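Observations on the model geometry
Residues per chain, in single letters:
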Amino acid sequence: NGRMISQPQNLIEEIHCKKPNAEKMLLKKEIQAIFRHATRPLSALQKTVLWMRLGDHLSYSEIAERLDVTLDTVKSAMYRAKRSLILIPEDFAYI
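Below: a short report on this structure.

The rules behind the values
Residues numbered from 1 in each chain as written. Predicted model: local features only at pLDDT ≥ 70, side-chain atom pairs only at ≥ 80, totals over all residues. Heavy atoms only, no water. Axes fitted to C-alpha atoms, helices over the stretch in contact; angles between N-to-C directions. Helix = DSSP H or I, 4+ residues; strand = E, 2+ residues; numbered from the N terminus. Parallel < 35°, antiparallel > 145°, perpendicular 65-115°, else oblique. Contact = heavy atoms within 4.5 Å. Nonpolar A, V, L, I, M, F, W, Y, C, P; charged D, E, K, R; others polar. Core = buried A, V, L, I, M, F, W, Y, C linked by side-chain atoms within 4.5 Å. Buried < 20%, exposed > 50% of the residue type's maximum accessible area, 1.4 Å probe, protein only. Polar contact = N/O pair within 3.5 Å; in protein donor to acceptor, adjacent residues only side chain to side chain. Expected span 1.5 Å × (residues − 1). Arc of directions from axis to C-beta.

Description of the packing of helix α3 (residues 44-54) against helix α5 (residues 71-84)
- Viewed as axis vectors pointing N to C, α3 and α5 meet at an angle of 95°, and their least axial separation amounts to 9 Å. Considering the angle they form, α3 stands roughly perpendicular to α5. On the side of α3, the interface is formed by Leu45, Gln46, Val49, Leu50 and Arg53, while α5 contributes Thr73, Val74, Ala77, Met78, Arg80 and Ala81.
- Counted by class, the contact of α3 with α5 contains seven nonpolar, two polar and two charged residues.

Quick look at the nonpolar core
- Core analysis: the largest hydrophobic core is formed by 13 residues, its most contacted members being Val49, Leu50, Met52, Ile63, Leu67 and Val74.
- Every element with two or more residues in this core is listed here: α3, α4 (60-67) and α5.
- Every residue in contact with Val74, bar those within four places of it in the chain, is listed here: Val49, Tyr60, Ile63, Ala64 and Val69.

Digging into the side chain of Thr48
- Note that Thr48 resides in helix α3.
- The buried category is assigned to Thr48, whose relative accessible area is 0%.
- Within the structure, Thr48 has its side chain in polar contact with the backbone oxygen of Ala44 (distance 2.9 Å).

Describing α5
- Here α5 is 14 residues long and its end C-alpha atoms lie 20 Å apart, about the 20 Å a rise of 1.5 Å per residue gives.
- By the burial criterion, the buried members of α5 are Val74, Ala77, Met78 and Ala81. When α5 is viewed along its axis, its buried side chains cluster within an angular range of 100° and face the same direction. Facing away from the buried side of α5, by more than 90 degrees, are the exposed residues Asp72 and Tyr79.
- On the buried face of α5, the contacting elements are α3 and α4.

A short note on the side chain of Thr39
- Following the sequence through the fold, Thr39 ends up in the loop between α2 (21-38) and α3.
- On the accessibility criterion, Thr39 (4% relative accessible area) is buried.
- Apart from the residues within four sequence positions on either side, Thr39 is in contact with Lys47, Leu50, Trp51 and Leu85.

Take a look at the structure:
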């Protein structure tokens, strides 16, 4: 259906810990900041494919079907997203 995902909400919701609510909220905010920073260079399609794969646990075929694109488009977007997401430690020194 062509939906684009703007936040890694599904990934964040999967965090299960026994910490108090204030700590959980802080952890979620930190994770959101990391993902926003790390995914800045990605295109909208790359972000969407990445979240659908990692957050929604969909197969490449399912992603292609939902986005109405070819399987090769999904594979290419995922490859490029992963290649772009090499994290440099100093990028996250503020965390």
